[in-house]
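Analysis of the macromolecular model
Next come the chains, spelled out residue by residue.
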Amino acid sequence: MPRSSARTVIPLFILAAHAALHAMLGIGGWLRPFELLSLLLLGANLVIALCLWKGSWDLPSGTCTMLLIAGHGLIGQRLAPDSLTSGAMLTVNILIVYVGVKIYEHLSRLHFAAFAGSYLILFYIFLTRMQNAEALFLLFLMGLAATARDFKLLTYFWAIVLSFTACQPYAWETTFSSFLILTALFSIRDSNWNPASVIFLVGGMALLLFVLLPVIVLMAGEDPRNVVAMLKSESVRDALRLTAVTATISTVILAAFCVPLAYALSRLDFKGKSLLLALADLPIIVPQSAAGLAILKVFGKQQYLGGIIFDAFGIRFDGSVFGICLAQIFVAMPFILKGSLAAFESVPVALEGAARTLGASSFSAFKRVALPLAMKGVVAAAILAWARAAGEFGAVLFVAPYPETAPIAVYNLFNSVGLVQTAPLVTTILLFSLAMFLALQILVKLAPGLTRREGSGA
Amino acid sequence: MTPHLHIGGVEASFGSFKVGPVRIETERGEYLALLGPTGCGKTSLLKCIAGLKIITAGSIRLAGQEISGLPPERRGVGLVAQTGDLFPHRNVRENLDFGLHYTRLNRTTRQARLEKHLVMFRIAPLAHRYPAGLSGGETKRVALARAMVLEPSLLLLDEPFGMLDHNGRLEMAELLRMILRELGTTVIHVTHDRHEAWSLARRCAIMNQGRIVQCGQVADVFRRPADVFTAQFLGCENVFEASFTEQTARCGEARFALGYKPPFRSGFVAIRPERIAVAAHGQPHLISGRLIELQDAGDNLKACFDCGALKLTARLPLELAPRLTLNACFNLTWLADAVHAIKPQGDEGANS
Amino acid sequence: MNGLPDRMEEFLAGFFGNIKFVEKALLGLEGSYVELLTILSLGLLAVLPTIVPERRRQTWRRLNQIFGIVIFIYVVFTCLGVFGMVRNFFRGMNEIGRENIIALYYCSVPVTILVTSMLFGPAFCGWICPTGALQEFAGMLTRKWTLRRKLRGYPFGWGFLLTAGLVGVVFLLWVWRLAVTRTFFVEDSTIYWSEVLVLLLFILAFRMREWDLKLRRIRILSFWIIVLGALAGIRITSPVHLGFAKVYDPASLLSTVVVVVGALTIPNVWCRYLCPWRCAISWAARKSVRFIESDVSKCTKCGKCFEGCNVDAVKDGKINTEECHFCMKCVDACPTNVFTIKDDWRRK
Ligand code: SF4
Ligand code: SF4
C-alpha cells in the first residue's frame, strides 16, 4: 500500500536525519549534544514518528511538525537566548504550522494566501521595523493562528495590529473606532447590501468619529489617578451630586406629567393637537441663554410669578435648586414627551380595547397594558431627558449660577485657571455622565419586568 | 320570553361611515352568525355592543338590563378580535389571568378556573409561552379562552376563522360547538364566509352598508333572500329582473313557475345555481341553452349557459364532466322551489 | 473578646508567612523569561485534551488540573487569577511598542487562553483553570449530596438555608472585624464579590431552578466591572490569589474560603455566576474550531450527561455552549455516544 509505505518512510527519514545531524553538529561543536531540551526534541520526534507510523496522526501536519521540531532542535536551540525562549517559539511555530496545514486542507486557497501573507507582513513589521519586538511577534502570531480561518476575524485582527503598531500613541482609540466601523459593516444584512449606502455609511461614521474624537482622546488620555483625585475633592463631589440629584428630580417631575400627557396625545385627536406638538418642541429651538433669561423674567424673585410664589411659599427660583430644576425641566421636556409619545403610538389601541372588555377600567388598562408595553420607549426617553437635564448649561447659568452644577463648575474653572487644569475635571464629568448613562441602560436591560416585550418566551 | 340580547335601533357613526339603525334579537344560548362583505360595519357593530364605540342612538339590552350607557368593563360581554389581541408582554397564563384580576374571586377559585380553561381550550402546554411564539390557531384559542374564562353571557367573535389553515378551522369549530353546548353562552359570530357561518349557526343576519338587510333561520335566508344583494352575497349567481303574474315569473321570453304568489308585480327572480340540473334528452325541461363556459370549482362544475336573453350559471355535479362539451346545447331543469321572487330594490319592509 | 479571632488571624498570617516556597519559586525564576514558559506550558496543556487517550480521559483531566494549579502558582503569578488577568491584559496592551517584553509578560496568559479557546474550545475552564480546579476538587467532597439536590431540582431546605445563613454571618463578622482592625484597600472588590456570592447562596437556597440561568448573567456584569476597573486602574485581587501573593492578603483568603464553601454547596458556583473571565472565554469559544457535536436523535434521555456536568450545561444531549467547560464528562458518560468531538474549520 503506497500510503502506509509513505507513513513509514517519511517519518523514518526525518527522524534519522534529525538524529544524524544532531550527532554531527554536536561533534562539530555547533550545539551541546546533551542539553536537555535538544534531547527532548529528539524524543518528541521519535514519538511523533511512532504516531505517524501507527496512523494516529495525519501525515501532512505530522510531517511538518517533525520538520519544525528538527529545525528547532538543530538551529533554533543555538540561536535563541535560552531554552525557554526556544521552547515558546517552538510552541507557537507548531501552532502556526498546524493552523496553516489545516487551512490549506479545509479552506480555500484565498484563505491560505491571506494567512501566509499575514505571516510575512507580521514578520516584516515586527522583526525588521520595530526594535526588540520578538516577544510581540510571538504574541501576534498566536492571534493570527486563531483568526486566520475567517476573513472577518482576520480583519479585526489586522485592525488591532495596525492600531498598536502604526497608530501609537492613539492605539486604543483607533482600535475602538475601527472595531465600531468594522462591526457595523460586517453586520449589514446581505439582502440590503448596496455600494451606495455602504459608502454613505462609512463616510457618515467617519464624520461621527471625528466629532467624537475630542471626547475619546480626552477620556483615554487622562491619568486615572487625576480623575480619582478629582473625585475625592469635596467641591467636585458636591457639583456631581447636585447635578445627579437635580437631574433626577427634574426627570421624575417630567415623567409624572409628560408620560400621561404623551399617552393622552397618542390616544386622542383634537383641534390644535399639531400646534401643541409643535409648541412642545420650542425648548429645542430657543437658544438656551434666551430660555434662561425668559425663565428668570417670569420666575425671578422680583418678577411677578416668582414674586407671588416667593411670598406665598418662600420658594425662590433664581440661584436655588428649584431654579436649576426648573431650567432643566424646560430643556429636557421635549425629549421625554416625544419619546414617550412615539412609544405609546407603537402600542395598538386594540390591546387596550381588549383589556377593557376583560374588565379593566381605562386607568387600569393604561397601567397594565399601555404602560408596560411602552415602558421600553418611555424609559429610554426618560434616560435621554435625564442626560439632557444633567448636561444643561445655558439655561441653568442664567437662572441659578450657584449652587454649581457640574457643567457650570467646568465653565467657572476654565475661566479661572484655563484649559490644562480643567481637563481632569472634564474627564471626571464625562466619565461620570457616561457611567450614569450606561448604568441606567444596563439597569433597563437587566430589569426583566420593564422590557419583557414580544417576550422571548424561553 | 324576552330576548337575551336586544339591539334596537342602534346607530353609530365613524367619520363619514354610518352604522344602523340596527335591530337584532337573540335568545339565550343562541348562536347567531352576522354575515356581510368586508367593510359593511360588522366589526364596528361588535365594538358598539362591547362598548368600545359609543352609539348615537338606540338601546342595547342584555338579559333585560340596558347596557348601552355602561363602560365596556361593566358590560360583561366577551370580545375576541380578529387578530386575537393578546397582550404581548404577558405569557398565555398571565393573559388568561388578566381579566380574572378584576373579578372578586378568591385566589383558589381563580386558579381553579384558570386551570380548567387552560385544559378546556387545549392550551395548557402553552401556558408559559409568549404570544409572539404562538401559531395563528394557538393565538385564537388563547384569545377565546381569555374571553371565556370570565364566563360572559354574551360572546362576540370577530372572524374567528380568519387567518387559520384548514386544521385550525376544524379545531376552532369544535371548540365553538363545545362552548355552545356546554356553557350555553350566547354567541355572535361575525364573518364574511357563508360556509363558515352555516357550519355553526342556526340563525344568521346579513349586513350590508351598515344595516341589517335580513335576519332569520339560516335555511330561510338561504332559500329566500330578501334582496338582490343578499341573494348574490349568498352565492346565487342567477338573479334576473322579472315581472310576476300570479305564480309565474317572466324574464324576457322565459317563464318560470314560482310555486307561490309574490306580493309585488315586478322585481327579481333568483335561481339557485346548485339546483339547476341537466335533463336527459327527451325529458321535460324548462329551458335550453348553449354551454359557453365550464370551470372546475373543486367540488362542483361551474357551467354557464347562454339561454337567449338569460345567462344561467349552474353548479353541476363533477360526474357530469364527460358529458359536457363546450358550445353544445343542453336542456336545463329545476324544481319550482329553486326559484325565489325578490322585491324590487328600494322597497323596505318584508324582512322576517 | 479579641482572643479567638486574633489567634486565628495570627495563625493564618503565620501559616501563609511560613509557606515561603511560593515566594522562593518566584525568586528563582525572576529575571528569566517566565512568560515564555507560560506560553509553552499553557499551549501544551491546551493541546493535551485532544490527544489524551479517550479511555482514561477524566483521570488525565484531573492530572492536568493539578498541573494547572502548579503552573499557575509557580509561573503565572503575573495573572493574579482571573480578575487580575483582565486588568493585566489591559496593562500589557498599553506597553506594546514601549516595553515589548513587559507586554508579552502581561499578555501571554490571556492571549494564550483566548487563542486556544478560539481554536480548541473552552478547554481552559475544564482542564486548566486553577480556580475551576479548586472548586471541582472541593465539590468532590460533597458530590453525593449536591448530586441528589441537583436531581431534585435544588429544592428548598431549611438545613441548607441555615448553613448558608451561618456561613453568611461568620463571613460578615469576619469582614467587620477586618474592617475595624486594619485598613483595607477600600477599593478591594474581592470583598464585594464574596458578599455577592453569599447573597447568591441565599437566593439559590430558595429558588435555584428558576433563577439559575438568569443569575448567570451576573457574569457579564462582573466582567464589565472588572474591565472598567482595569480602565480606571483600580486594584483588584481575586480568589486563589492568596497563594501567589507575597503578603498575607486577607481579602483574597476570605474570598477563596467563600468560593470553596460555595463550591461545596453548589458545584462550580464561582464559574456559574461570577467568573468574569468566563465571559471572555465563552465569547471566544463561541465559534471555536473544535466543538462537541451532539446527535440528539440518539439520546435516550437517561440523564447521565446531566448528572455529570458540573455547570449544568447539558440536558438530554443538548449542550449550552455558553456554559460548557469542555470537560468532556458528558462525552465520556453518554452510553449511546450522542456526543462526538469534532473539528470544523469552516465553522462560522
Ligand atoms: S469559569 Fe472562570 S473560574 Fe471557572 S474555570 Fe473558567 S476561568 Fe476558571
Ligand atoms: S456540557 Fe459536557 S463538556 Fe460541557 S461542561 Fe458539561 S459535562 Fe463538561
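Reading the values: rules and limits
Residues numbered from 1 in each chain as written. Chains lettered and ligands numbered in written order. Predicted model: local features only at pLDDT ≥ 70, side-chain atom pairs only at ≥ 80, totals over all residues. Heavy atoms only, no water. Helix = DSSP H or I, 4+ residues; strand = E, 2+ residues; numbered from the N terminus. Buried < 20%, exposed > 50% of the residue type's maximum accessible area, 1.4 Å probe, protein only. Contact = heavy atoms within 4.5 Å. Areas by Shrake-Rupley, 256 points an atom, 1.4 Å probe, with all protein chains shown as cover. Near = heavy atom within 4 Å. Nonpolar A, V, L, I, M, F, W, Y, C, P; charged D, E, K, R; others polar. Pairing = 2+ DSSP bridges. Axes fitted to C-alpha atoms, helices over the stretch in contact; angles between N-to-C directions. Patch = residues over 30% accessible without salt bridge, like charges linked within 9 Å, V, L, I, M, F, W, Y side chains within 5 Å. Salt bridge = Lys/Arg side-chain N within 4 Å of Asp/Glu carboxyl O. Core = buried A, V, L, I, M, F, W, Y, C linked by side-chain atoms within 4.5 Å. Buried area = accessible area lost by both parts, 1.4 Å probe.

Counting its regular elements, chain A contains 22 helices and zero strands. Evaluated residue by residue, chain A yields a buried proportion of 41% over its 458 residues. Taking contacts inside chain A between residues at least 6 apart in sequence as the whole, the part at least 24 apart equals 65%. Counting only carbon and sulfur atoms, one obtains 73% of the accessible surface of chain A, whose full area is about 23,900 Å².

In the vicinity of ligand 2, the residues found are Ile292(C), Cys309(C), Val311(C), Ala313(C), Val314(C), Cys324(C), His325(C), Phe326(C), Cys327(C), Met328(C), Lys329(C) and Cys330(C). Residue classes in the shell around ligand 2 are distributed as 10 nonpolar, one polar and one charged.

A few words on the site of ligand 1. All names here are of chain C. Every residue near ligand 1 is listed here: Phe-124, Cys-125, Cys-129, Thr-131, Gly-132, Trp-270, Cys-271, Cys-275, Trp-277, Arg-278 and His-325. Counting residues per element, the ones that place at least two in the shell around ligand 1 are helix 7 (123–128), helix 8 (130–141), helix 14 (269–273) and helix 15 (276–284). Residue composition of the shell around ligand 1, grouped by class: seven nonpolar, three polar and one charged.

Here we take up the sheet that holds strand 16 (residues 287–296) of chain B. Residue and element names in this part refer to chain B. Ordered in space as 15-19-16-17-18, the five strands form an open sheet in which the pairing is antiparallel. Taken across any chain shown, the strands that pair with only one partner, and hence form the sheet edges, are strand 15 (277–279) and strand 18 (310–316). Between one strand axis and the next, the sheet turns through 50° on average, direction left out of account. With six bridges joining them, strand 16 and strand 17 (residues 301–307) adopt antiparallel strand pairing. Each bridged residue has a counterpart across the sheet, and for Asp-296 the counterpart in strand 17 is Leu-301.

Residue and element names in this part refer to chain A. Taken together, Leu-207, Leu-208, Phe-210, Val-211, Leu-212 and Val-215 make up a surface patch of nonpolar side chains, about 580 Å² in accessible area. As for its position among the elements, Val-211 is in helix 9 (residues 195–221). Here Val-211 falls in the exposed class, since its relative accessible area comes to 52%.

What follows deals with the nonpolar core. Counting residues in each nonpolar core, the largest one holds 90 residues, and the members touching the most others are Leu122(A), Phe126(A), Leu136(A), Leu144(A), Leu119(C), Trp277(C) and Phe339(C). Within the second largest apolar cluster, 44 residues are counted, among which are Ala127(B), Leu164(B), Leu176(B) and Met178(B).

The next subject is the interface of chain A and chain C. In this assembly, 36 residues from chain A lie in contact with 37 residues from chain C. Interface of chain A and chain C: buried area, both sides summed, is about 3,200 Å²; carbon and sulfur atoms make up 74% of it. Run the count over chain A and chain C and you get zero salt bridges. Breaking the side of chain A that touches chain C down by element, the ones donating at least two residues are helix 4 (83–106), helix 6 (134–147) and helix 7 (151–165) of chain A. The element that contributes the greatest number of residues to the side of chain A that touches chain C is helix 4 of chain A, accounting for 12 residues. Per-class residue counts for the side of chain A that touches chain C are 23 nonpolar, nine polar and four charged.

For the rest of this paragraph, the subject is the interface of chain B and chain A. Between chain B and chain A, the residue contacts involve 24 residues of the former and 22 residues of the latter. Both faces combined, the contact of chain B with chain A buries some 2,100 Å², and carbon together with sulfur accounts for 60% of it. Seen at the junction of chain B and chain A, the total is one salt bridge. Where Glu73(B) meets Arg356(A), a salt bridge forms, and the shortest distance between an N and an O atom there is 2.4 Å. Elements with a minimum of two residues in the side of chain B that touches chain A: strand 6 (77–80), helix 2 (92–100) and helix 4 (136–148) of chain B. It is helix 2 of chain B that contributes the most residues to the side of chain B that touches chain A, three residues altogether. Looking at the side of chain B that touches chain A, its residues break down into 15 nonpolar, four polar and five charged.

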